[in-house]
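Understanding the architecture of this molecule
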Amino acid sequence: MSENTTAVRPPTADRAKGGVTALLGSAAGRNTGLVVALVLLCLVGVATAGDRFADVDNLLTILRLASVIGVVSVGMTFVITGGGIDLSVGAIVALSSVWATTLATQAMANDSHWLVVVFAALAVGAGCGVVNGLLIAYGRIVAFIATLAMLAAARGLAEIISNRKTQIVDVPGFSAFFDASVLGVPVLVVIFALVAAVGWVVLNRTTFGRRTFAVGGNPEAARLAGIDVRRHTVLLYTLLGVCCGIAAVMLIARTTTGSSTHGGLYELDAIAAVVIGGTLLSGGRGTIAGTVFGVLIFTTLSNVFTLNNLSISAQAVAKGAIIVIAVLLQQRLARRSGA
Amino acid sequence: MSRKATTRLIAALSVGLALTACTGNTPEPAAGSGDQGGARVANDEPGEKVVIGFSAPAADHGWMAAITNAAKAEAAKYSDVELKVVEGTNDVNLQISQVETFINDKVDAIVLLPFDGAALTPVALKAMKAGITVINVDREFGSPFAARSTVLGDNYGMGVSAGTYICQELGGKSDAVVAEIAGIDSLPLTQERSKGFADALGDCGLKVNNRVAAEFTVESGERAAANLLQAAPRIDALWNHDDDQGVGVTAAIKNSGRSEFFMVGGAGSANVMREIKAANGLHKATVVYPSTQGADGIRLARLAVQGKSLGDLVEVEVPRQVELFAPVVTKDNVDRYLPTAFES
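Residues numbered from 1 in each chain as written. Chains lettered and ligands numbered in written order. Predicted model: local features only at pLDDT ≥ 70, side-chain atom pairs only at ≥ 80, totals over all residues. Heavy atoms only, no water.

Put simply, the rule reads: UniProt positions are given in the numbering used here, feature names are shortened, and annotations may be inferred rather than shown by experiment.
Going by an unreviewed UniProt entry, chain B carries the name Monosaccharide ABC transporter substrate-binding protein (CUT2 family) and comes from Saccharothrix texasensis. We quote the UniProt Sequence similarities (unreviewed entry) comment for chain B here in full: "Belongs to the bacterial solute-binding protein 2 family."

Under an unreviewed UniProt entry, chain A has the name Monosaccharide ABC transporter membrane protein (CUT2 family) and belongs to Saccharothrix texasensis. UniProt lists a comment for chain A under the heading Subcellular location (unreviewed entry), and it reads "Cell membrane".

What about the overall build of chain B?
Using the following cut-off: Helical segments are the DSSP runs of H or I of at least four residues, strand segments are the runs of E of at least two, and each set is numbered from the N terminus. When a residue's accessible area, from a 1.4 Å probe over protein chains only, is under 20% of the maximum for its type it is buried; when over 50% it is exposed; and in between it is partly exposed. Contact criterion: two residues are considered in contact whenever any of their non-hydrogen atoms come within 4.5 Å of each other. All accessible areas in this document rest on Shrake-Rupley with a 1.4 Å probe, and a residue is counted as covered only by the protein chains that are shown.
Of the regular secondary structure elements, chain B holds 11 helices and 12 strands. Taking all 344 residues of chain B together, the buried fraction comes to 56%. A separation of at least 24 residues holds for 72% of the contacts in chain B among residues at least 6 apart in sequence. Summing over all exposed atoms, chain B offers an accessible surface of approximately 14100 Å²; the carbon and sulfur share of this is 55%.

Looking at the pattern of salt bridges
All names here are of chain B. Filter applied, for reference: Take a side-chain nitrogen of Lys or Arg and a carboxyl oxygen of Asp or Glu: if they are within 4 Å of each other, that pair is a salt bridge.
Summed over the entire model, instances satisfying the criterion amount to 22 salt bridges over all chains. For the salt bridge of Arg302 with Asp80, the shortest nitrogen-to-oxygen distance reads 3.1 Å. Of the two residues, Arg302 is situated in helix H10 (residues 293–306) and Asp80 in the loop between helix H2 (62–76) and strand E2 (81–85); the sequence distance between them amounts to 222 residues. For Asp80, a relative accessible area of 3% puts it in the buried group. Across the salt bridge formed by Arg211 and Glu180, the nearest N and O atoms sit 3.4 Å from each other.

Considerations on unusual backbone geometry
For residues that are not glycine, phi is negative in most cases, and the peptide bond is trans in most cases. Residue and element names in this part refer to chain B. Residue Ala267 is not a glycine yet carries a positive backbone phi of 85°. Secondary-structure assignment places Ala267 in strand E9 (residues 262–267). In this structure, Ala279 is a non-glycine residue whose phi angle is positive, near 55°. Exposure remark for Ala279: the relative accessible area of 42% places this residue in the partly exposed category.

Description of the domain arrangement of chain B
All names here are of chain B. Spelled out, the test is: An automatic or database domain assignment is the source of the domain bounds shown. By buried area we mean how much accessible surface two parts lose on assembly, using a 1.4 Å probe and totalling the loss over both.
Each domain of chain B was delimited in the assignment, giving domain 1 (50–147 + 291–323) and domain 2 (155–287). Placing the centre of domain 1 and that of domain 2 at their C-alpha centroids yields a distance of 31 Å. Roughly 360 Å² is buried in total at the junction of domain 1 and domain 2, and carbon and sulfur atoms are behind 48% of that figure. When residues of domain 1 are sorted by the area they lose upon contact with domain 2, His61, Trp63 and Arg139 head the list and together hold 75% of the total.

Examining the UniProt feature "domain: Periplasmic binding protein" (unreviewed entry) in chain B
Summarizing the sequence annotation, UniProt attributes the feature "domain: Periplasmic binding protein" (unreviewed entry) to residues 52–308 of chain B in the numbering used throughout. Each end of residues 52–308 of chain B is marked by a C-alpha atom, and these two atoms are 16 Å apart; helix forms 48% of the span and strand 19%.

Topic: the sheet that holds E2(B)
All names here are of chain B. For clarity, the cut-off: Only strands joined by at least two bridges in the DSSP assignment are considered to pair. The convention used is that axes are lines fitted to C-alpha atoms, helices contributing only their stretch in contact, and that angles between N-to-C directions extend from 0 to 180 degrees.
The sheet built from six strands is open, its strands ordered E2-E1-E3-E4-E5-E11 with parallel pairing. If you trace the sheet from one side to the other, it starts and ends with E2 and strand E11 (321–323), each paired once. Along the sheet, successive strands turn relative to each other by an average axial angle of 15°, direction set aside. In terms of strand pairing, strand E4 (residues 133–137) meets strand E5 (residues 149–152) through three bridges, oriented parallel. What sits directly across from Ile135, in E5, is Ser149.

With respect to the nonpolar core
Worth spelling out the cut-off: Throughout, nonpolar core names a set of buried Ala, Val, Leu, Ile, Met, Phe, Trp, Tyr and Cys residues whose side chains join them through atoms within 4.5 Å.
Core analysis: the biggest nonpolar cluster contains 77 residues, and Met76(A), Val93(A), Phe174(A), Phe178(A) and Tyr266(A) have the highest contact counts within it. Per element, the largest residue contribution to this core is 12 residues, and it comes from helix H14 (residues 229–255) of chain A. Excluding anything up to four places from it in sequence, Phe178(A) contacts Trp114(A), Val118(A), Val187(A), Leu188(A), Ile191(A), Val249(A) and Ala253(A). One finds Val81(B), Tyr165(B), Val178(B) and Leu300(B) within the second-largest nonpolar core, a separate group that totals 46 residues.

Here we look at the confidence of the model for chain B
Residues and elements named next belong to chain B. Counted only if it meets this: Within a predicted model, pLDDT stands for the predictor's per-residue confidence, ranging from 0 to 100.
This prediction gives chain B a mean pLDDT of 88; 88% of its residues lie at or above 70. Per-element confidence in chain B ranges from a low mean pLDDT of 48 for helix H1 (residues 3–25) to a high of 98 for strand E3 (residues 109–112). The low-confidence segment residues 15–41, where pLDDT is below 50, has 38 contacts with residues more than four positions distant or belonging to other chains. Listed scores for the predicted complex are pTM 0.80 and ipTM 0.76.

Laid out in structure tokens, this is it:
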């Protein structure tokens, strides 16, 4: 594979500078870089925490922790690839979780099925996404501003509905389903894998995906090519909203609660994962696999730091460094390939 | 239990308790007793009208919500108190302007739980200079001139109580593994709690083997605990600083299926106390950090403005500082603390 990509690239200057950079320049190569980073991080984990890190339980813990933010990040990849941004994902997760758990904790809903909780969360997430999309596409409000407004409004609404209380859920069947494992893999991780797989197929193998690249790369050209750019934009934000709803369900399962404080700083975590994954913030280029690796890198980092009893602050510094290095590398590669 | 019913129950219980507290504090209003301070003064008798401004951080946390609710309930009990409550905020700038508004309104007293004690010190000084009685609650100002009186919880003491209890329970097991899940590490209150904990454990030859910090939210508690449980394959005792984030910590422990250790909570939520009472869960104890500090602030403000003293003290003035105790709540004494506990 690597031989192949180097061979395909015509500029000889790249070869002269060394095969590695050329390799990193290609789409597959970028992911190789992330894999290398993740492997390095794991090696640090093994070196410093040994068996405790390499333990199956620990690896599953990392995957479980990555799942919730991972689902949001996959949705975020679509929006950013489509040339947008969404700052309201954390607030939407909070609102969805609160709404769903309010339903679950009301006396009248005592005998309702746990699927009601799931659909309530998905519906609220999708609804918020639609509003974001409509404001941006038809209201012509800049995405940054529209979703900033949603960030404030959704979290405020979550606070009003929950009365700022942590709503503890005890719906029969709900925890049983989401805490279970399929062939040793936790259901939450399966959900993350499914969302990522579906995301990859949709982005790379469907008309919807091709349109997303087109809209993100050059909206005017996309419009002239016959794409309904505004409709597509609404769909992109709705898709991300649904992902937030899924993430809210997963959070309820993990914490047994809905709360207006859920999803704190998810917008930043998701954007960071998407960006170090190689998706261009300006749109037009995006990769789901890169995003998944981005999420795994951050989650593993936090795990390795905790295993070594290191502070959250030091972890934040390391995280910042990773983001800067990844983006610097990306820029270099972009310049090299003339993009 | 539905939320409404729970809220009602708590309200009823806290009013009940506060009433007993009042009567406890107030001896028979013996006719003719002078006003030379101490317990002889009938403190609850209506006096001159006192307008009190109250400002606290946003109620985005069970404990913080309880602070404001208890303060409002306390003020409602006095016909001579008019309470002005502003919307809770975590924006230091907004809180400063709230206090400035109180100064302009010429209130008699301000009860202030600052989001950041240091940042609110200048405006509190300004209020004091304007002749307003400022009562500082929970997070201390940077200057002793900024408040007439200060009501403090005992953060260091919480750590000491938790550590001492764990020492007792582990009974001299020298190789015991002790874990700690702290709150927001950058806050002085978290640092004090951790220091008290480490000091108390040190006294019995133990130390904190694994420590993580969370952010006082359920979600952060779950995340921190999930990683911590991987970091420590065996734990004997775990102290979690905050019962709100404890909901998430408990969820993570349940998910992991681990049960070889016991857990001590912090702040003292009603849910944790009920679990302690049922004695079938993970929690064996919790350390109280009273959520009634704001209410105590209201009472002190009223007394200070009316020139009364604190009941049961001989001293004729309200004290400069009241530091509350951080008791350990266990199965044996939980009934005493449950009525004033907050719902997380």
